[in-house]
Amino acid sequence: MKTGITGGIGSGKSYVCKWLQARGFEVYDCDEAAKRLIRTSPDIHRQLTALIGPEAYHCSPLTTPPYTLNKAAVAQFLLQSEENAKSIDAIVHPAVFQDFEESGMEWMESAILFESGIYRLVDCVIVVTAPEEVRIQRVMQRDGITREKVLEWMQRQWPQEEVVGHADFEIINDGIADIDEQIENILLKMYH
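Here's a quick rundown of the structure. Keep in mind that what you see is a predicted model, and the values were worked out from it rather than measured.

Parameters at a glance
- Residues numbered from 1 in each chain as written.
- Predicted model: local features only at pLDDT ≥ 70, side-chain atom pairs only at ≥ 80, totals over all residues.
- Heavy atoms only, no water.
- Phe/Tyr/Trp six-rings, centres within 6.5 Å; stacked < 30°, edge-to-face > 60°.
- Helix = DSSP H or I, 4+ residues; strand = E, 2+ residues; numbered from the N terminus.
- Buried < 20%, exposed > 50% of the residue type's maximum accessible area, 1.4 Å probe, protein only.
- Lys NZ or Arg CZ within 6 Å of the ring centre and 35° of its normal.
- Salt bridge = Lys/Arg side-chain N within 4 Å of Asp/Glu carboxyl O.

Bringing the packing of aromatic side chains into the picture now. With the rule as written, the count across this model stands at six aromatic pairs. Between Phe25 and Trp107 the ring centres are 5.4 Å apart and the planes differ by 70 degrees, which places this aromatic pair in the edge-to-face class. Of this pair, Phe25 sits in the loop between helix H1 (13-22) and strand S2 (27-29) while Trp107 sits in strand S3 (residues 107-109); the two residues are 82 residues apart in sequence, bridging distant segments of the chain. Residue Phe25 is classed as partly exposed on the basis of its relative accessible area of 22%. Seen in terms of ring centroids, Phe114 and Trp158 are 5.3 Å apart; in terms of plane orientation they differ by 5 degrees. Their pairing is stacked. Linking Phe114 in helix H6 (residues 113-116) with Trp158 in the loop between helix H8 (147-155) and helix H9 (160-166), this pair joins segments that are 44 residues apart in sequence. In this structure, Arg23 is placed above the aromatic ring of Trp19, and the distance from its NZ or CZ to the ring centre is 3.7 Å.

Now the structure itself:
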């Protein structure tokens, strides 16, 4: 059974994934896979260069992997319109989907599981949730960014309540509830 783990920024997905990995579950990290594929895939290099221009990468079109993404140029392109963001997603997301399927892994972590459409590749969805203020404080402390920046990132993701409504299981990571016990109970329900 393929299982997706999701949750908004600062919810604690990484903790859950580390817990699973410590117990022998391999978890595919969609964000890390996207970064790796952007660096190594000639197809993505070609498509992003065609979309954004030669400034998309710090290299010439004749350069071979690994490619170095020009984050400033890509960010500038992204900020120009929502359509630009969707165009980049249309290049990167299918490559990640294919890479996950080829990985043979049964677990995946994706902050944008529903937004990206990758939820279609899993049989079960676990969402990690936390109160908004807890999430804001965690991200501010972890990334050293302002409250406003955290809220901006949060607004780009589906509302937590909406994700919960589409998930099979919820892990509450509010700093009070026992996360380990919740994960163990979910695994018991999934595998028994």
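The next thing to look at is the pattern of salt bridges. Per the counting criterion, the structure on display carries nine salt bridges. For the salt bridge of Arg46 with Asp43, the shortest nitrogen-to-oxygen distance reads 2.4 Å. Within this pair, Arg46 and its partner Asp43 are both found in helix H3 (residues 42-52), separated by three residues, close to a single helical turn. In this structure Arg46 comes out as exposed when scored by relative accessible area, which is 51%. Ionic pairing is found between Arg147 and Glu133, a salt bridge with its closest N-O pair at 2.5 Å. Within this pair, whereas Arg147 is found in helix H8, its partner Glu133 is found in helix H7 (residues 132-143), the two being separated by 14 residues in sequence. Exposure remark for Arg147: the relative accessible area of 31% places this residue in the partly exposed category.

Everything listed is a geometric property; what it means functionally is a separate question.
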